[in-house]
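Architecture at a glance
Here is what each chain is made of, one letter per residue.
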Amino acid sequence: MWHVQRVWKIVVLVLTVVVITAAGYVLTRHDPVPQAGESPGYAESTASRSPTPSVATGTSARPVKVVFLGDDYAAGRGASSPAHGWTGAVAAALHLDASVVAEPGAGYATPGVRGGSYAALVAGVVAAKPQVVLVSGGRNDVGAAPATLRAQTRALFARLKAELPDARLLAIAPWWGDSAHPPKLAKVDAAVRAGVEAAGGTYLDAPDPLRGHPSWMADAADPTDRGYAAIARAVTDALRAQLPR
């Protein structure tokens, strides 16, 4: 009898060990209790997640393509390098896909160093297929006859509109330098405003940031890096509200 009881004790002990071992195996080989939104044994692939929605920041998801058409200032004349002109700073501030088509000395009705006015630069603007064209300058046109200036300015914007019908056309008031604007610059302002508005564009009547700052001028006509930085701030403020969203 004693032997039978001993055998049963051994059997019970063995079964207990087996049960404990099996329970430990189950607990260690399976996922813990899932958190909210999870399923046991499931790991989400990062490739299957939906992309994070874009947050509106004043620019579209894809950079707006802009062409800056202009003269010495658009080319960065007077800066320590072209990279320190105003166009690059504006493009960086507004996250633009920007390019520059410029000719020093040129204007709406005035030939530049290569012999052409802004009209000669239109092909380069069109080739870039921009969404926005911003035309600057006009300082070089103060000597042009008023009638010629009006006709050439109107023709420029009309051609841009015909060849880029979906682009937004903008023109900014001409900069003069550190001194007050001379009366003869008023005819340029008027011609540019009339020309761009006739083509359905917008005239940006931004103040000249160079006025009263002779130390911002590299010479009698062109700004220094600091002068270009001031222009960049003025253009950025004026341009921001005009960009497609």
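Quick caveat: nothing in here was measured; it's all calculated off a predicted structure.

In terms of helices and strands, the chain carries seven helices and five strands. Across the 245 residues of the chain, 38% fall into the buried class. A separation threshold of at least 6 residues defines the contact pool for the chain, and within that pool the share at least 24 residues apart is 75%. Summed over its atoms, the accessible surface of the chain is roughly 13,800 Å², and 59% of this surface lies on carbon and sulfur atoms.

Here the focus is helix α5 (residues 146–163). Across its 18 residues, α5 extends 26 Å between first and last C-alpha, which sits within 8% of the 26 Å expected from 1.5 Å per residue. Residues of α5 that are buried include every one of Leu149, Thr153, Leu156, Phe157 and Leu160, and no others. The buried residues of α5 occupy one face: seen down the axis, they fall within an arc of 85°. Where the residues of α5 are buried, they touch α4 (122–127), β3 (132–135), β4 (168–172) and α6 (186–198).

Turning next to the pattern of salt bridges. Any two side chains of opposite charge can pair, so long as their charged atoms come close to each other. Evaluated as defined, the whole model comprises four salt bridges. Residue Glu163 is joined to Arg159 by a salt bridge in which the shortest nitrogen-to-oxygen separation is 3.0 Å. Taken together, the residues Glu163 and Arg159, both in helix α5 and four residues apart, mark about one turn of the helix. Owing to a relative accessible area of 35%, Arg159 belongs among the partly exposed residues under this scheme. The shortest N-O distance in the salt bridge between Asp237 and Arg240 comes to 3.8 Å. Note that Asp237 and Arg240 are positioned in helix α7 (residues 225–240) at a spacing of three residues, about one turn of the helix. Overlapping salt bridges bring together Arg193, Glu197 and Asp205 as one network.

In this section: the pairing of strand β1 (residues 65–70). Counting buried positions along β1 yields five of six residues, so the element is predominantly enclosed. Pairing between β1 and β3: four bridges, direction parallel. In the strand pairing of β3, Val66 is matched with Val132.

Moving on, we come to the nonpolar core. Most often, soluble globular proteins keep nonpolar side chains buried together rather than apart. Counting 31 residues, the largest nonpolar core has Tyr108, Val125, Val135, Phe157 and Leu160 as its most contacted members. Core analysis: the next-biggest nonpolar cluster, separate from the first, contains 29 residues, Val66, Tyr73, Ile172 and Ala206 among them.

So, about the packing of aromatic side chains. Each aromatic ring pair is specified by the distance between its two centres and by the angle formed by the two planes. Under the defined criterion, the tally for this structure stands at six aromatic pairs. Measuring from centroid to centroid gives 6.1 Å for Tyr73 and Tyr228, while their planes differ by 80°, and the two rings are edge-to-face. Remark: Tyr228 occurs in helix α7 and Tyr73 occurs in helix α2 (residues 72–75); sequence separation between them is 155 residues. Per residue, the accessibility class of Tyr73 equals that of Tyr228, and both read buried. Measuring from ring centre to ring centre gives 5.5 Å for Trp86 and Trp175, while their planes differ by 70°; the resulting arrangement is edge-to-face. Within this pair, whereas Trp86 is found in helix α3 (residues 86–94), its partner Trp175 is found in the loop between β4 and α6, the two being separated by 89 residues in sequence. Each member of the pair, Trp86 together with Trp175, is buried.

The first and last C-alpha atoms of α6 sit 18 Å apart over 13 residues, in line with the 18 Å expected at 1.5 Å per residue. Regarding α6, the residues found buried are Val188, Ala191, Val192, Gly195 and Val196. What you see down the axis of α6 is that its buried residues fit within an arc of 115°, all on one side. In the core, the buried residues of α6 are packed alongside α5, β4 and β5 (202–204). At the exit of α6 stands Gly200, carrying a positive phi of roughly 85°.

Turning next to the environment of Ser179. Take Ser179: it is sitting in the loop between β4 and α6. Assessed through its relative accessible area of 35%, Ser179 is described here as partly exposed. Separated by 34 residues in sequence, Ser179 and His213 place their C-alpha atoms 8.0 Å apart. Here the side chain of Ser179 touches Trp176 through a polar contact of 3.3 Å, side chain to side chain.

Right, let's get into unusual backbone geometry. The backbone of His95 shows a phi angle near 60°, a positive value even though the residue is not glycine. Tracing the sequence through the fold places His95 in the loop between α3 and β2 (97–102).

Calculation rules
Residues numbered from 1 in each chain as written. Predicted model: local features only at pLDDT ≥ 70, side-chain atom pairs only at ≥ 80, totals over all residues. Heavy atoms only, no water. Helix = DSSP H or I, 4+ residues; strand = E, 2+ residues; numbered from the N terminus. Buried < 20%, exposed > 50% of the residue type's maximum accessible area, 1.4 Å probe, protein only. Contact = heavy atoms within 4.5 Å. Areas by Shrake-Rupley, 256 points an atom, 1.4 Å probe, with all protein chains shown as cover. Expected span 1.5 Å × (residues − 1). Arc of directions from axis to C-beta. Salt bridge = Lys/Arg side-chain N within 4 Å of Asp/Glu carboxyl O. Pairing = 2+ DSSP bridges. Core = buried A, V, L, I, M, F, W, Y, C linked by side-chain atoms within 4.5 Å. Phe/Tyr/Trp six-rings, centres within 6.5 Å; stacked < 30°, edge-to-face > 60°. Polar contact = N/O pair within 3.5 Å; in protein donor to acceptor, adjacent residues only side chain to side chain.

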